[in-house]
Amino acid sequence: MKNNATAMVFERVGEPFSTLPLELPELRRGELLVEIGYTTICTSDLHSFFGRRSSPTHSILGHEIMGLIVELPREGLKDFYGNDLKIGDRITWSVYAHSCNDIMVKKGMPQKANDLFKYGHEKINKEIQLSGGFATHCHLKEGSTVFKVPQNLTDKEAAPLNCTHATVAGALRLAGSLSGKNILINGVGMLGLSACAMAKELGANKVCSMDIEDTRLIHSREFGADIVLNAKLPMPELLESIKGNGGIDVVIETSGAPVAIENSLKMMNIGGVCVMVGAVYPQREITLSAENMVRRLLTLKGLHNYIHEDLGSAIKFLSEAKNKYPFETLVGKEFPLNQLDAAFNFANGQSCYRVGIYPNK
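Let me sum up the structure you'll find in this document. (Residues numbered from 1 in each chain as written. Predicted model: local features only at pLDDT ≥ 70, side-chain atom pairs only at ≥ 80, totals over all residues. Heavy atoms only, no water.)

## Some details on the overall build of the protein
Moving on, step 1. Scanning the protein from N- to C-terminus turns up eleven helices and 16 strands.
Moving on, step 2. Taken against the 2.2 N^0.38 rule, which gives 21 Å for 361 residues, the C-alpha radius of gyration of the protein at 21 Å falls within 12% of a compact globule.
Moving on, step 3. Overall, the protein is about 65 × 40 × 40 Å in size when its C-alpha atoms are taken along their principal axes.
Moving on, step 4. A total of 361 residues make up the protein; the buried ones form 53% of that total.
Moving on, step 5. Here the contacts in the protein between residues at least 6 apart in sequence split such that 68% fall between residues at least 24 apart.
Moving on, step 6. Accessible surface for the protein amounts to roughly 16000 Å². Of this, 50% is attributable to carbon and sulfur atoms. (Helix = DSSP H or I, 4+ residues; strand = E, 2+ residues; numbered from the N terminus. Rg over C-alpha atoms; globule rule 2.2 N^0.38 Å. Buried < 20%, exposed > 50% of the residue type's maximum accessible area, 1.4 Å probe, protein only. Contact = heavy atoms within 4.5 Å. Areas by Shrake-Rupley, 256 points an atom, 1.4 Å probe, with all protein chains shown as cover.)

Quick look at the structure:
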C-alpha cells in the first residue's frame, strides 16, 4: 500500500481545486482506510463549489463514494449487519458518522446527531484530513456505518447509493405502504428517477412523474413512470389529468420549489401523504391552507439525509432491480481525479444527472 494520498482541495468558491499530498493516517480504534474507487458529483457539490450554498473551506468535497478497504484497525471492524470486514472488501458507508450515545441517535434520528461528521462536508483538520470523495483515499472515523457493495453492481451504479438512493429509500419509508396507491414523483432529477423505480418495485399502483422539462419526463418512463405531467400546465389541467387515474395518494417532492410543493398538496387525495426531500436550499416560505390539511386528513413530512437502515434498503433495491432500470446510464461523462476542475465545469453546464470521477491512471 502507498504511504501517501492525494486530495483535490476546495479552497474558495469558483476557484480551481488545489492538489494536496497527504500522509496516510495511523488508524485509531473503530477507524478504517478506504482507497476510493469511484465518486460521483452530486448537485450539492456543485452548489458548494459555485457558491450557491455555504460550505466550509479548506475541504475535500464529494460524498457519493465507494471504494476498497486497504487498512483496518488491529481489533477489526464489522459492517452494519455484523459481518466481519476484511482488506479488499468493496464498500459504501452512510454519508455521516456519529457517536452511538448521542441523544438524537437514541431518538431514532442519527442524521441529526449533535456530534455529526459528514463526509464531503467537513473542513480539513488534524484528526481527519481525508474526509471527502475527491481524493485517492478516505479515512472513515469511528461511528461510521459500513455496508458491503454487492458484486453485481458496477462502480457507476454503486457510488450514488449513499446519497441519492438512500435518501429516496428514507422518503418512501416515511410515506408508508405504497401497495395499490398512486404516487406522484415531483421533480425527476436523480432523486426523482430513483423514486420512480423504487416506488414501482414497492408495489405502487400508478407512478406519476412531474417536471418542467419534457426530456426528463420522457426519461422517467424508463424508470417506471406510468404517467408524465408537465408542471407548467395550469392546475385545472393537472387535476383533470390525474382524476381519471384515481388521483394521488402519495407525493415524493424532490424539486424543493415552493410552488411545486404547494401544487403537490392541492393534488393529493383525502388521506394523502407528502414527503419533502428537495427543499435543502434557501427559498421563500410555502403557503398552505391549514383547513385543507385538517379537513382532507393530509400529512406533510420532511426528510433530510436518512437513517442507516435506508442505505441498506437502497443497496438491496439496486442489486435486485438493476437489470430493470438503466441506472448506470445516469453517469453522463467520466473524468480522472486530476481533471476535477473540468469535471465540475462540465457538470455545472450540462443536463446529465451525474458526472463520475475515477482514480488517475
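Back to the write-up after that little detour.
## Quick notes on the packing of helix H4 (residues 164-175) against helix H5 (residues 190-201)
Moving on, step 1. The N-to-C vectors of H4 and H5 enclose an angle of 55 degrees; their axes lie 9 Å apart at closest approach. As judged from the angle between their axes, H4 and H5 are oblique. At the point where H4 passes H5, the crossing takes the right-handed sense. Across the interface between the two elements, Thr164, His165, Thr167, Val168, Ala169 and Leu172 from H4 touch Met190, Leu191, Ser194, Ala195, Met198 and Ala199 from H5.
Moving on, step 2. Of the residues contributing to the contact of H4 with H5, the split by class is eight nonpolar, four polar and no charged. (Axes fitted to C-alpha atoms, helices over the stretch in contact; angles between N-to-C directions. Parallel < 35°, antiparallel > 145°, perpendicular 65-115°, else oblique. Left-handed = near helix turned anticlockwise from the far one by under 90°. Nonpolar A, V, L, I, M, F, W, Y, C, P; charged D, E, K, R; others polar.)

## Details of the nonpolar core
Moving on, step 1. Core analysis: the largest hydrophobic core is formed by 50 residues, its most contacted members being Leu161, Leu178, Ile183, Ile185, Phe223, Ile252 and Phe327.
Moving on, step 2. Those elements that place two or more of their residues in this core are strand S5 (90-97), H4, strand S9 (182-186), H5, strand S12 (248-253), strand S13 (268-276) and helix H10 (308-321).
Moving on, step 3. The element that contributes the greatest number of residues to this core is H5, accounting for seven residues.
Moving on, step 4. Core analysis: the second largest hydrophobic core is formed by 26 residues, Leu27, Leu33, Ile41 and Leu340 among them. (Core = buried A, V, L, I, M, F, W, Y, C linked by side-chain atoms within 4.5 Å.)

## Considering the layout of surface pockets
Moving on, step 1. Here the second largest pocket defines a volume of roughly 410 Å³.
Moving on, step 2. The wall of the second largest pocket is formed by 18 residues, among which His98, Glu142, Gly143, Ser144 and Thr145 lie closest to the centre.
Moving on, step 3. Among the elements that make up the lining of the second largest pocket, the one with the highest residue count is strand S8 (residues 144-148) (three residues).
Moving on, step 4. Class assignment of the residues belonging to the lining of the second largest pocket gives a composition of six nonpolar, seven polar and five charged. (1 Å grid on protein atoms, 1.4 Å probe; cavity = no way out; pocket = protein on both sides within 12 Å on 5 of 7 lines; lining within 4 Å. Points joined across faces, edges and corners; volume = space filled by probe spheres on them.)

## Focus: the pattern of salt bridges
Oppositely charged side chains may form a pair once their charged atoms are brought near each other.
Moving on, step 1. Applying the stated rule across the entire model yields 17 salt bridges.
Moving on, step 2. Two residues, aspartate 89 and lysine 148, come together in a salt bridge whose shortest N-O distance is 3.8 Å. Of this pair, aspartate 89 sits in the loop between strand S4 (64-71) and S5 while lysine 148 sits in strand S8; the two residues are 59 residues apart in sequence, bridging distant segments of the chain.
Moving on, step 3. Among the residues examined, aspartate 89 registers a relative accessible area of 8% and is labelled buried.
Moving on, step 4. Where salt bridges share partners, they join Glu11, Arg12 and Glu15 into one cluster. (Salt bridge = Lys/Arg side-chain N within 4 Å of Asp/Glu carboxyl O.)

## A short note on unusual backbone geometry
Moving on, step 1. With an omega of -5 degrees, the peptide bond between threonine 57 and histidine 58 qualifies as cis.
Moving on, step 2. Within the secondary structure layout, histidine 58 lies in the loop between helix H1 (43-49) and S4.
Moving on, step 3. Unlike most non-glycine residues, leucine 297 shows phi in positive territory, near 55 degrees.
Moving on, step 4. In this fold, leucine 297 is placed in the loop between helix H9 (290-295) and strand S14 (299-302).
Moving on, step 5. Owing to a relative accessible area of 57%, leucine 297 belongs among the exposed residues under this scheme.
Moving on, step 6. Unusually for a residue other than glycine, asparagine 305 sits at a positive phi of about 60 degrees.
Moving on, step 7. Looking at where asparagine 305 falls in the secondary structure, it is placed in the loop between S14 and H10.

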